[in-house]
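# Structural overview for review
The primary structure of each chain is shown beneath.
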Amino acid sequence: MIETDNRIGDKVKKGKKIYEGKAKILYETDNPDLVIQEFKDDATAFDATKRGTIKQKGVINNEISSALFQMLELKGIPTHFVKKLSDREMLAKRLDIVLVEVTMRNIAAGGLSKSLGIEEGTVLKTPVLEYHYKSDPLHDPLINDYHIEMLGLATAKEMKKIKDYSFSVNEILRDFFGKVGLKLVDFKLEFGRFKGKILLGDEISPDTCRLWDKKTNEKLDKDRFRRDLGRIEEAYQEVLKRIKS
Ligand code: TMP
Ligand code: ASP
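What you are looking at is a predicted structure, and each value in this text was computed from that prediction instead of being measured. (Residues numbered from 1 in each chain as written. Chains lettered and ligands numbered in written order. Predicted model: local features only at pLDDT ≥ 70, side-chain atom pairs only at ≥ 80, totals over all residues. Heavy atoms only, no water.)

### Here we look at the pairing of strand β3 (residues 34-39)
On a regular strand, one side chain projects to one face of the sheet and the next to the other, so that they alternate. Short version of the rule: Relative accessibility thresholds used throughout: buried, under 20% of the residue-type maximum; exposed, over 50%; partly exposed, between the two (1.4 Å probe, protein chains only). Here a strand is any run of E in DSSP of at least two residues, a helix any run of H or I of at least four, and the numbering for each starts at the N terminus. Whether two strands pair comes down to DSSP finding at least two bridges between them.
For β3, a buried count of six out of six residues is recorded, marking the element as mostly surrounded by other parts of the structure. What you see with β3 is no split at all: Leu34, Ile36 and Glu38 on one side and Val35, Gln37 and Phe39 on the other are buried throughout. Where strand β2 (residues 24-29) meets β3, five bridges bridge the pair, whose relative direction is antiparallel. Across the sheet, Lys24 pairs through a bridge with Phe39, a residue of β3. Joining the antiparallel neighbours β2 and β3 is a turn of four residues. Across five bridges, β3 lies against strand β7 (residues 89-93) in antiparallel orientation. Residue pairing in the sheet places Glu38 in a bridge with Glu89 of β7.

If you want it as structure tokens, here you go:
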């Protein structure tokens, strides 16, 4: 596996906890520009009304995310990824997170099927990009560029970058997953600011993507947890196995 930069963070020290989210914990380091993302086995769905754990999820998602961030960097997408530190820890650049979650959809499922009545599995004529306001108390409402400007969440210039990167990431990931027999149905991205630049942040994993087996349409992602389909850990392991193939 290729490390993006082996020198950065070689002797980094883990500091205070900054924030604990649903699936990850963020720690300071002795370098103010760097943080450690620790991946947990905890899983939540439907606004955290459903909770559980998925065995080894943290380890698997760290490995999948690290591999995908490295691959995206090589294809010209700037990300927060610095290096994988351990089974559950990733060293990353400390972002000022943009409170806009980007959802990209290639095939109808989940929220899109529900809101627009499109049958799950319908291939969309063109990829569909959505923005959601990252706000737990407001339940991540769907927003558009005008809401983003009105709320001051990001500048028009920043949103142009975010949109361009999101479409490029879709092309790259669709192609990458396609080659290992997986359909990229949809996924969610988060971005942040770092030294005046927009970088891709957070994670890319079966928690944040819908991935279906190309031949059988078997769901190999968090929908197995959301919909109580069983064999959740096996599905995550299968995605990792294919990525590494
Ligand atoms: P949705 O169909 O529920 O809107 O989900 C679209 C994609 O975004 C799907 O791949 C799962 C991912 N996602 C997250 O990563 N976090 C979330 O909180 C939600 C609702 C979806
Ligand atoms: N993780 C989100 C939550 O807990 C939603 C999801 O991924 O389904 O609400």
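### A closer look at the nonpolar core
Basically, it comes down to this: Residues belong to a common nonpolar core when they are buried Ala, Val, Leu, Ile, Met, Phe, Trp, Tyr or Cys residues joined through side-chain atoms within 4.5 Å. The contact criterion used is simple: two residues touch if any of their non-hydrogen atoms lie within 4.5 Å.
In terms of nonpolar packing, the biggest core is built from 50 residues, with Leu173, Leu200 and Ile204 touching the most fellow members. Those residues in contact with Leu200, other than ones at most four positions away along the chain, are Phe69, Leu72, Ile77, Pro78, Thr79, His80, Val169, Leu189, Glu190 and Phe191. Tyr27, Leu34, Ile36 and Leu91 belong to the second largest nonpolar core, which has six residues in total.

### Digging into the pattern of salt bridges
Rule in force here: Throughout this description, the term salt bridge denotes a Lys or Arg side-chain nitrogen within 4 Å of a carboxyl oxygen of Asp or Glu.
Counted according to the given criterion, the structure contains 34 salt bridges. Among the ionic pairs, Lys50 bridges to Asp228, the shortest N-O distance being 2.8 Å. Here Lys50 is found in strand β5 (residues 50-53), whereas its partner Asp228 is found in the loop between α5 (223-226) and α6 (232-243), with 178 residues between them in sequence. Judged by relative accessible area, which is 19%, Lys50 ranks as buried. Glu190 is paired through a salt bridge with Lys134; the nearest N and O atoms lie 3.3 Å apart.

### A word on the sheet that holds strand β12 (residues 182-189)
Reading across from one edge, β11-β10-β9-β12-β15 is the order of the five strands in this open sheet, with antiparallel pairing throughout. The two strands at the open ends of the sheet, each matched to only one other strand, are β11 (142-143) and β15 (209-213). Summarising the sheet, strand β10 (residues 123-133) and β11 pair through two bridges and their orientation is antiparallel. By the bridge assignment, His132 is partnered in β11 with Leu142.

### Observations concerning the packing of helix α1 (residues 57-74) against α6
Put simply, the test is: Here an angle of 0 to 180 degrees is reported between the N-to-C directions of two axes, which are lines fitted to C-alpha atoms, with helices fitted over the stretch in contact. Roughly parallel refers to an angle under 35 degrees, roughly antiparallel to one over 145, roughly perpendicular to one between 65 and 115, and oblique to any angle outside these ranges. Left-handed describes a crossing in which the near helix is turned anticlockwise from the far one by less than a right angle; the clockwise case is right-handed. In this count, Pro and Cys sit with the nonpolar residues alongside Ala, Val, Leu, Ile, Met, Phe, Trp and Tyr, while Asp, Glu, Lys and Arg are called charged and the others, Gly among them, polar.
At a closest axis distance of 10 Å, the pairing of α1 and α6 adopts a crossing angle of 25°. Classified by the angle their axes make, α1 and α6 are roughly parallel. Crossing angle aside, the handedness with which α1 passes α6 is left-handed. For the pair α1 and α6, contact is made by Lys57, Ile60, Asn61, Glu63, Ile64, Ala67 and Leu68 and by Glu233, Tyr236, Gln237, Val239, Leu240 and Ile243, respectively. In the contact of α1 with α6, the residues fall into eight nonpolar, two polar and three charged.

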